[in-house]
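Next come the chains, spelled out residue by residue.
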Amino acid sequence: MDIERGTVAGFLLTGESRTGEPGTWSSATAPGGRRAGALRLDPRFAADPAARERLVAAVLAERELIQAGLTGLVPVTDLVSAGREIWLLTTEPVSPTLTDLLTAPSGLPGSGPGAGEAAVVLLETARTLLALHASGLAHGALRPDTVVIAADGSALLAERGLADALHGRSADRGRDAAAWAALARGLAANWAATDPGAAALFERAAATAVTEGLGRARDVLLAGQDTLPAGSLTRNGLAQAVRRSPAVGVAPVGVPPVSVPDEGEVVTLLRADMPTSGQEDVVMRFGPGVPPETTAAQIWRAGRDQQRTELPSDRLRTLGTAARRRRRRTALATVVLALMVVGALAVWLLRGSATPLAISGVEVSAPKKQQTCDATVRVTGIFATNGSGGEIRYEWRRSDRKTPIQQTDTVSSGTTSHEVTLEWTIKGEGSFRGTATLRLLSPLPEGKKVQDKATFTYKCP
């Protein structure tokens with residue numbers, strides 16, 4: 001099949017393509033004229049029914065996260081089948097990638113991306129990976145060519161979960177951390193090559209990611225911001241690099257679209273009511289904006305199809321035999337319908353688990369009554385959550401110490417608050433005024449600091 005220029009489900013391929021691990025990416029233009037992307041999966045994977053099922057599950061899980069507010073991923077419009085081929089369509093372009101920017105000519109000295117831009121890429125990719133991990137997912141194929149730099153300079157991850165789904169691998173957070181560390185070292189050797197301080201910072205973050213995890217590695221970067229050039233920690237340089245990149249394709253003008261040939265209807269694989277041999281003649285055409293069928297509609301359709309009555313072809317069959325068969329069919333249909341209702345209810349009850357944990361604020365309180373000799377003061381902090389489960393990292397800072405006390409808790413789903421405590425023991429004579437500050441380390445809401453403090457007094461004798 002020639003995919004140099006054609007259309008797939010209304011997406012016009014612009015003729016620019018690159019090969020990735022799961023298949024071939026092509027630049028495309030969506031029906032509304034916006035730049036987009038199209039991935040034709042390797043035919044070896046497309047022919048494997050089990051790989052298809054895993055792929056559909058991966059895409060659906062990702063779409064739920066995006067609908068719940070997760071940013072940092074290249075959004076998938078749909079997954080379609082065109083004859084013997086499978087195409088993944090995205091609503092955002094898949095170029096330029098970090099590979100494109102790393103290999104592009106630097107131009108005038110100081111005009112290309114530098115240490116500040118590298119730090120932005122590392123911080124944003126770490127944030128996205130941590131959100132995925134908190135939801136029980138992983139990326140599975142983090143590389144410079146799967147990090148897409150958007151027009152505004154933000155870093156978006158492509159191919160999330162595709163490699164794991166196609167190869168039948170389970171989600172592995174450790175593999176993501178190792179891949180992020182390799183990315184940090186690569187940027188240290190390229191965009192931070194002329195800045196020894198920044199390069200050393202990226203190396204420390206890479207080592208921390210492997211030994212202590214991505215959350216700690218991100219904290220290392222944030223704590224070392226002072227080593228970066230002043231005012232460089234913005235997306236502006238990346239946005240300028242995108243505008244200069246030759247990888248940013250332009251939709252062809254005046255070239256009539258040529259449909260990519262296929263051996264059947266172009267249908268979406270993300271619908272639960274796909275027709276199979278022997279079922280009703282339903283043609284499901286793919287198109288951007290096609291809403292998924294509701295769970296109630298799926299149950300109704302399944303029940304209706306299961307309870308159809310078939311006329312006997314042999315007139316010599318007795319009425320009693322036909323009645324028994326009808327009763328068996330009715331009983332089977334009832335069981336199947338009941339199982340589908342239970343399954344749909346379970347999916348509905350569990351769908352919130354894919355939403356990543358988010359913290360919106362914290363409140364700290366300490367005893368108002370003056371504490372007396374040899375007292376243990378209990379300071380309480382309450383984090384406000386969105387009700388999802390996940391891991392939370394925070395630190396306590398005591399006014400009598402310079403070193404913070406860092407801790408990690410597991411937050412259970414189903415509650416909108418999480419309580420943490422600090423036990424502060426004071427002994428001896430004299431007066432003392434103590435202040436305890438609680439600060440959230442992760443997951444942090446974008447552009448917001450989450451912390452609070454409380455004060456108490458102590459007097460002995």
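None of the values given here were measured: they were computed from a predicted structure.

Read across the sheet, three strands follow the order S10-S11-S14 without closing on themselves; strand pairing throughout is antiparallel. Unpaired on one side and paired on the other, strand S10 (359–365) and strand S14 (417–426) mark the two borders of the sheet. Strand after strand, the sheet turns through a mean of 20° between neighbouring axes, direction not considered. In the sheet, S10 pairs with strand S11 (residues 375–385) via six bridges, with the strands oriented antiparallel. Across the sheet, the residue bridging to Ile 359 is Thr 385, located in S11.

What the second largest pocket holds in volume is close to 810 Å³. Among the secondary structure elements, those contributing two or more residues to the lining of the second largest pocket are helix H4 (115–134), helix H6 (173–189), helix H8 (214–223), S10 and strand S12 (390–398). The element best represented in the lining of the second largest pocket is H4, accounting for six residues. Across the lining of the second largest pocket, the residue classes tally to 14 nonpolar, twelve polar and eight charged.

Here the focus is the state of the cysteines. What the rule picks out here adds up to one disulfide. Across a sulfur-sulfur distance of 1.7 Å, Cys 373 and Cys 460 are joined as a disulfide pair. Around the S-S axis, the bridge from Cys 373 to Cys 460 shows a dihedral of about 100° and counts as right-handed. With Cys 373 in the loop between S10 and S11 and Cys 460 in strand S16 (residues 451–460), this residue pair connects regions lying 87 residues apart in the sequence. Judged by its relative accessible area of 31%, Cys 373 falls in the partly exposed class.

To continue, consider empty space enclosed by the protein. By the definition in use, this model includes one cavity of 30 Å³ or more. Approximately 80 Å³ is the volume found for the largest cavity. If you trace the largest cavity, you find it lined by Trp 25, Val 59, Glu 62, Val 74, Val 76, Leu 88, Thr 90, Leu 157, Ala 158, Glu 159, Arg 160 and Leu 162. The set of elements that each furnish at least two residues to the lining of the largest cavity consists of helix H2 (49–67) and strand S6 (85–90).

Take unusual backbone geometry next. Geometrically, the link from Ser 95 to Pro 96 is a cis peptide bond, its omega value of 0° lying close to zero. Mapped onto the secondary structure, Pro 96 falls in the loop between S6 and helix H3 (98–103). The amide bond that connects Ser 442 to the next residue, Pro 443, takes the cis arrangement and shows omega of 0°. Residue Ala 9 is not a glycine yet carries a positive backbone phi of 50°. Mapping Ala 9 onto the fold places it in the loop between strand S1 (7–8) and strand S2 (11–19). With relative accessibility at 15%, the residue Ala 9 sits in the buried group. One non-glycine residue, Asp 374, lies in the positive phi region at around 50°. For Asp 374, the position within the fold is in the loop between S10 and S11.

Before going further, it helps to examine the environment of Thr 415. Relative to the helices and strands, Thr 415 resides in the loop between strand S13 (405–411) and S14. Given a relative accessible area of 30%, Thr 415 falls into the partly exposed group. Taking C-alpha positions, Thr 415 is 8.6 Å from Gly 389, a pair spaced 26 residues apart along the chain. The residues touching Thr 415, leaving out its near neighbours within four places in the chain, are Thr 385 and Gly 387. Among the polar contacts listed, one links the side chain of Thr 415 to the backbone oxygen of Ser 417, at a separation of 3.4 Å.

This part is about the sheet that holds S12. Pairing is antiparallel in the open sheet, where four strands are placed in the order S13-S12-S15-S16. Strands at the two margins of the open sheet, each flanked by one partner only, are S13 and S16. Adjacent strand axes in the sheet meet at a mean angle of 25° when their direction is disregarded. Sheet topology note: the strand S15 (residues 430–442)/S16 ladder contains ten bridges and is antiparallel. By the bridge assignment, Phe 432 is partnered in S16 with Tyr 458.

Most often, soluble globular proteins keep nonpolar side chains buried together rather than apart. Counting 47 residues, the largest nonpolar core has Val 147, Ile 149, Trp 180 and Phe 202 as the members making the most contacts within it. If you tally residues by element for this core, the top one is H4, at eleven residues. Beyond its immediate sequence surroundings of up to four residues, Trp 180 is in contact with Leu 122, Thr 125, Ala 126, Leu 129, Leu 142, Ala 205, Ala 206, Ala 209, Leu 214, Ala 217 and Leu 221. If you look at the next biggest cluster of nonpolar residues, it comprises 25 residues, including Ile 359, Val 364, Val 377 and Ile 392.

Another point: the packing of H4 against H6. It is at 10 Å that the axes of H4 and H6 come closest, and there the two elements cross at 175°. In terms of orientation, H4 lies roughly antiparallel with respect to H6. Of the residues in H6, those in contact with Ala 118, Val 121, Leu 122, Thr 125, Ala 126, Leu 129 and His 133 of H4 are Arg 173, Asp 176, Trp 180, Leu 183, Ala 184 and Leu 187. A breakdown of the residues in the contact of H4 with H6 according to their chemical character gives nine nonpolar, two polar and two charged.

Right, let's talk about H4 for a bit. Taking 1.5 Å per residue, 20 residues should reach 28 Å; H4 reaches 28 Å between its end C-alpha atoms and fits that length. Of all 20 residues making up H4, 17 are buried, and the element is well covered by its neighbours. Gly 136 sits one or two residues past H4 and shows a positive phi near 85°.

Looking at the protein as a whole, the pLDDT averages 78, with 75% of positions reaching at least 70. Within the protein, the lowest mean pLDDT, 35, falls on helix H10 (residues 295–306), and the highest, 96, falls on strand S8 (residues 155–157). Contacts from residues 249–264, a stretch scored under 50 in pLDDT, to residues over four places away or in other chains number 26 contacts. Low pLDDT, under 50, characterises residues 272–323; the stretch is placed with 62 contacts to residues that sit more than four places away or in other chains.

Calculation notes
Residues numbered from 1 in each chain as written. Predicted model: local features only at pLDDT ≥ 70, side-chain atom pairs only at ≥ 80, totals over all residues. Heavy atoms only, no water. Pairing = 2+ DSSP bridges. Helix = DSSP H or I, 4+ residues; strand = E, 2+ residues; numbered from the N terminus. Axes fitted to C-alpha atoms, helices over the stretch in contact; angles between N-to-C directions. 1 Å grid on protein atoms, 1.4 Å probe; cavity = no way out; pocket = protein on both sides within 12 Å on 5 of 7 lines; lining within 4 Å. Points joined across faces, edges and corners; volume = space filled by probe spheres on them. Nonpolar A, V, L, I, M, F, W, Y, C, P; charged D, E, K, R; others polar. Disulfide = S-S within 2.5 Å. Buried < 20%, exposed > 50% of the residue type's maximum accessible area, 1.4 Å probe, protein only. Contact = heavy atoms within 4.5 Å. Polar contact = N/O pair within 3.5 Å; in protein donor to acceptor, adjacent residues only side chain to side chain. Core = buried A, V, L, I, M, F, W, Y, C linked by side-chain atoms within 4.5 Å. Parallel < 35°, antiparallel > 145°, perpendicular 65-115°, else oblique. Expected span 1.5 Å × (residues − 1). pLDDT = per-residue confidence, 0-100.

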